Amino acid sequence: MLQKALADAGYPRRITVACSGGPDSLALAAVAAYFARRGHVDGHPLAVGAVVVDHQLQAGSAQVAARTAEALRELGLDPVEIRTVTVSAAGMGPEAAAREARHAALEAAADQQGAGAILLGHTLDDQAEQVLLGLARGSGTRSLAGMRPARAGTGHSVLLRPFLGLRRADTEEICAVEELEPWHDPTNTDPAFARSRTRVEVLPHLEQKLGPGVAESLARTAAILQLDADYLEDAAESTYASLVERDGTDLSLPEEALGALAPAIRFRVIAKAAADAGGQQPGYQRLLAAEALLRRQGSAGPVELPGGVSVYRLSLAQLERPAGAGSPGGAASVPRERARCGKLVFRPQKPPEK
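To keep things clear, this report deals only with the structure shown in the data block. What you see is a predicted model, and the numbers here were worked out from it, not measured in a lab.

What counts and what doesn't
- Residues numbered from 1 in each chain as written.
- Predicted model: local features only at pLDDT ≥ 70, side-chain atom pairs only at ≥ 80, totals over all residues.
- Heavy atoms only, no water.
- Core = buried A, V, L, I, M, F, W, Y, C linked by side-chain atoms within 4.5 Å.
- Buried < 20%, exposed > 50% of the residue type's maximum accessible area, 1.4 Å probe, protein only.
- Helix = DSSP H or I, 4+ residues; strand = E, 2+ residues; numbered from the N terminus.
- Contact = heavy atoms within 4.5 Å.
- Phe/Tyr/Trp six-rings, centres within 6.5 Å; stacked < 30°, edge-to-face > 60°.
- Axes fitted to C-alpha atoms, helices over the stretch in contact; angles between N-to-C directions.
- Parallel < 35°, antiparallel > 145°, perpendicular 65-115°, else oblique.
- Left-handed = near helix turned anticlockwise from the far one by under 90°.
- Nonpolar A, V, L, I, M, F, W, Y, C, P; charged D, E, K, R; others polar.
- Salt bridge = Lys/Arg side-chain N within 4 Å of Asp/Glu carboxyl O.
- Expected span 1.5 Å × (residues − 1).
- Pairing = 2+ DSSP bridges.

Here the focus is the nonpolar core. Counting residues in hydrophobic clusters, the biggest one holds 31 residues, and the most contacted among them are Val17, Leu72, Leu77 and Leu119. Those elements giving two or more residues to this core turn out to be α1 (2-8), β1 (14-18), α2 (23-38), β4 (47-54), α3 (61-75) and β6 (117-119). No other element matches α2, which puts 8 residues into this core. For Leu119, the residues in contact, after removing those within four places along its chain, are Leu2, Ile15, Thr16, Val17, Ala18, Leu28, Ala32 and Leu160. Among the nonpolar cores identified, the runner-up in size contains 28 residues, and Ala271, Ala277, Ala290 and Leu293 belong to it.

Bringing the packing of aromatic side chains into the picture now. Within this structure, the stated rule accounts for 2 aromatic pairs. Ring centres of Tyr34 and Phe35 lie 5.1 Å apart, and the angle between their planes is 75 degrees; on these two criteria the pair is classed as edge-to-face. Both rings, one in Phe267 and one in Tyr284, keep their centres 6.4 Å apart while their planes meet at 45 degrees; by these two values the pair is tilted. With a gap of 17 residues between them, Phe267 in helix α11 (residues 263-276) and Tyr284 in helix α12 (residues 284-292) connect regions that are remote in the sequence. Accessibility expressed as a relative area gives 18% for Phe267, which makes it buried.

Remark: α2 packs on helix α7 (residues 168-177), axes separated minimally by 8 Å, with the N-to-C direction vectors making an angle of 55 degrees. The angle between the axes of α2 and α7 places the two elements in the oblique class. When the axes of α2 and α7 are compared, the crossing they make is left-handed. Residue-level inspection shows Pro23, Asp24, Leu26, Ala27 and Val31 of α2 in contact with α7, the latter providing Arg168, Thr171, Glu172, Ile174 and Cys175. Considering only residue class, the contact of α2 with α7 consists of 6 nonpolar, 1 polar and 3 charged.

Here we come to the side chain of Glu207. Here Glu207 is to be found in helix α8 (residues 194-210). In contact with Glu207, not counting residues within four places along its chain, are Arg167, Pro212, Gly213, Val214 and Ala215.

It is possible for side chains bearing opposite charge to pair when their charged atoms get close. Under the definition given, this model contains 20 salt bridges. As a salt-bridge pair, Lys4 and Asp8 come within 2.7 Å of each other at their nearest N and O atoms. Placement of both Lys4 and Asp8 in helix α1 is noted, with a separation of 4 residues, approximately one turn of the helix. Linking Asp230 and Arg148 is a salt bridge whose minimum nitrogen-to-oxygen distance equals 2.8 Å. Taken together, the residues span a long stretch of sequence, with Asp230 in helix α9 (residues 214-243) and Arg148 in the loop between α6 (141-144) and β7 (150-152) at a distance of 82 residues. Under the relative-accessibility criterion, Arg148 is labelled buried at 17%. One salt-bridge network, held together by shared partners, links Asp24, Asp126, Glu129, Arg168, Arg195 and Arg199.

All right, on to α11 then. Each full turn of the α-helix corresponds to 3.6 residues, which orients residues three or four apart in the same direction. Between its first and last C-alpha atoms α11 spans 20 Å; for 14 residues at 1.5 Å apiece the expected length is 20 Å, and the two agree. All buried positions along α11 are accounted for by Ile265, Arg266, Phe267, Val269, Ile270, Ala271, Lys272, Ala273 and Ala274. Just past α11, the residue Gly278 takes up positive phi, approximately 105 degrees.

Turning to the sheet that holds strand β11 (residues 300-305), a few remarks are in order. Paired through backbone hydrogen bonds, the strands of a sheet run either parallel or antiparallel to each other. Here we have 5 strands laid out as an open sheet, ordered β9-β10-β13-β12-β11, and antiparallel in their pairing. Every interior strand has two partners, whereas the edge strands, β9 (245-247) and β11, have only one. Adjacent strand axes in the sheet meet at a mean angle of 25 degrees when their direction is disregarded. As judged from the 3 bridges shared by β9 and strand β10 (residues 250-254), these two strands associate in the antiparallel manner. Bridge pairing in β10 places Arg246 opposite Leu251. α9 contacts β9 and β10 of the sheet and is inclined by roughly 105 degrees relative to β10.

In space, the 6 strands of this open sheet follow the order β5-β4-β1-β6-β8-β7, with mixed pairing throughout. Strand pairing shows two members of the sheet lacking a second neighbour, β5 (80-84) and β7, which therefore form its edges. This sheet shows a mean twist of 25 degrees between the axes of neighbouring strands, independent of strand direction. The pairing of β1 with β4 spans 5 bridges and is classified as parallel.

Moving on, we come to the pairing of strand β13 (residues 343-348). Here β13 lies mainly inside the structure; 6 of its 6 residues are buried. By the alternation rule, side chains of β13 split into Lys343, Val345 and Arg347 and Leu344, Phe346 and Pro348, which are all buried. Sheet topology note: the β10/β13 ladder contains 4 bridges and is antiparallel. Across the sheet, the residue bridging to Pro254 is Lys343, located in β13. As paired elements, strand β12 (residues 309-314) and β13 share 6 bridges and run antiparallel to each other.

Just geometry here; none of it tells us what the structure is for.
Written as structure tokens, this is what we have:
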């Protein structure tokens, strides 16, 4: 699996393993160490380093990080470093905040090590849990598509998940064969976290009631939806680029063309306009409210979207008024060129950061 992942990534000459000390990432480090000892993958030179991120969220986390780093050095990985981070949950949940801090530390370390790829130890079980959580939240295609085997990072490295086809029990077996003693994170079984409840209670219950293979089926669903999500994303991106009109910080989309789109593309185009105007990804209900402006008579709105973006519908009559004539919702600065149809206008409510 690792061999194929590195081949698909173009055989980076140096990689960095993200290791928490748990069985999944420790098993991945052991497999990577095998190729490090050989010095190549399929004849392509390879060097392997590692990073241990200490989130400082539990008592004794520094000791866990130090033991993990020592185990990685004994495997032959070089360099091995520990990155200590401070997790700030401002504006997000604790899991999301920890993930953001961890990824920032990993990418900074990989850049410093000159690594072309960061290896993450997520397994098929993690993927199944991700899909279940997405279903519980009522998420769309992109969320239900789960984690990608490979995706670009924010730095110079690609993020690789070569174990997405492997069960968690398999990684525990690798650790046993390699005589490694993994650390078991107590939060993985803490019922305070939705992911932990999914892991310990929900998925085993489904396997018991529906029969074995539920995790594999959920992971297969994610793989199928990744293809669908990619196609829809590409179609929405090209459609948005062809429709968007700009006037300073305001963005607009012609309602006639927007209304003619298939709903799956139309909602994505509206979401892209909101993000392009400086907002955040709107939830489904907010997207429904913005899209409903297309069925209003005359100028309408605003509909407020997350991130400080307001959406208005300007009618054809409003667009044809002379400049300075005023308009509902304070949208007088929208271009007054002669138009064939109304528009949805996306306006940031705060100036962009410099």
